[in-house]
Amino acid sequence: MVSLTTLSLFITDLDRTLVGNDSSLDRLNQILDLYRQTWGTKIVYATGRSRASYQELATAQSLLAPDALIAAVGTELYVGNSDNPDPEWIERLSTNWHRDKIVEIASRFADLEPQPPAEQRPFKVSYFLSPSVVADVVPQLQQLLVDRNLDVEIIYSGSKDLDILPRNGDKGKAVQFLRDRWQIDPSQTLVCGDSGNDISLFKYGKERGVIVGNAHSELRLWYELHPVDYHYLAAADYAAGILEGLNYFRFVA
Ligand code: GLC
Ligand code: MG
């Protein structure tokens, strides 16, 4: 007999994971809505976007209202309908975070092109960087930051975006924080992603994880180097890949 599992917490990246194909997104939304009604499943979006940029996408794509939004690559957490980032989360990120020093050090690298002002956030400094120079630039940048006692995390995504975040401030850490607060077991949690800034979703706990079929090379490579039976690489792309993962893990209402 096949045993079915209750899905208590559903967490997904947005661009190129949940969003990418409208008809499979519609199907998945119906199923998530059913899960919510049946089990009270909490829905959380974990995105690199700022909250304002998320709101534009949510309107354009008719996304379900989430129970929490993890924005700016994990550095901002909005729980429920709150317009203000969670103060406890901010408090955790503030320790040893010196944004101005980071910006000053990064400005020494001509290859780092600052992203637009709207994507520069209190706990997130973001650049564009060509994949051809990543292997040179990132270790040097890391070293200079370490030399100045700046304990940060550098994340490269989609072969173009480089984010510098507080060490405790990525998407995965925000998920662990929410799971603790809501007292939800990793076995009843599903995380879904497609790119480098989603790696942290998979690497801290034993949440069930789906990597969509269209995933970027940086996440695929990480998956291949860290094989575990609670992660699944879907054949299908975008939301259809998530639907495939829900069946694979037997999260069926
Ligand atoms: C989103 C954000 C951008 C970030 C990227 C990768 O596109 O808008 O600032 O660099 O995600 O995390
Ligand atoms: Mg994405």
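About the cut-offs
Residues numbered from 1 in each chain as written. Chains lettered and ligands numbered in written order. Predicted model: local features only at pLDDT ≥ 70, side-chain atom pairs only at ≥ 80, totals over all residues. Heavy atoms only, no water. UniProt positions renumbered as here; feature names shortened; annotations may be inferred. Axes fitted to C-alpha atoms, helices over the stretch in contact; angles between N-to-C directions. Helix = DSSP H or I, 4+ residues; strand = E, 2+ residues; numbered from the N terminus. Parallel < 35°, antiparallel > 145°, perpendicular 65-115°, else oblique. Contact = heavy atoms within 4.5 Å. Nonpolar A, V, L, I, M, F, W, Y, C, P; charged D, E, K, R; others polar. Pairing = 2+ DSSP bridges.

An unreviewed UniProt entry lists the protein chain under the name sucrose-phosphate phosphatase, from Chamaesiphon minutus. Annotation of the protein chain in UniProt includes, under Pathway (unreviewed entry), the sentence "Glycan biosynthesis; sucrose biosynthesis; sucrose from D-fructose 6-phosphate and UDP-alpha-D-glucose: step 2/2." Note on the protein chain: under the UniProt heading Cofactor (unreviewed entry), the record states "Mg(2+)".

Caption draft 1: Region of the structure containing the packing of helix H1 (residues 22-39) against helix H9 (residues 238-248). Interaxial distance between H1 and H9 falls to 8 Å at its minimum, and their mutual angle equals 40°. It follows that H1 is oblique to H9 by the angle criterion. Contact with H1, carried on its side by Ser 24, Leu 25, Arg 27, Leu 28, Ile 31 and Tyr 35, involves Ala 239, Ala 240, Ile 242, Leu 243 and Leu 246 of H9 and no other residues of that element. Residue composition of the contact of H1 with H9, grouped by class: 9 nonpolar, 1 polar and 1 charged.

Caption draft 2: Structural detail: the sheet that holds strand E7 (residues 152-157). Reading across the sheet, the 4 strands line up as E5-E6-E8-E7 and stay open at both edges, with antiparallel pairing between neighbours. Among the strands making up the open sheet, the edge pair consists of strand E5 (113-114) and E7. Across 2 bridges, E5 lies against strand E6 (residues 125-128) in antiparallel orientation. Residue pairing in the sheet places Pro 114 in a bridge with Tyr 127 of E6. Along the sheet, helix H4 (residues 99-106) contacts E6, E7 and strand E8 (161-166); its crossing angle with E6, the most-contacted strand, is approximately 20°.

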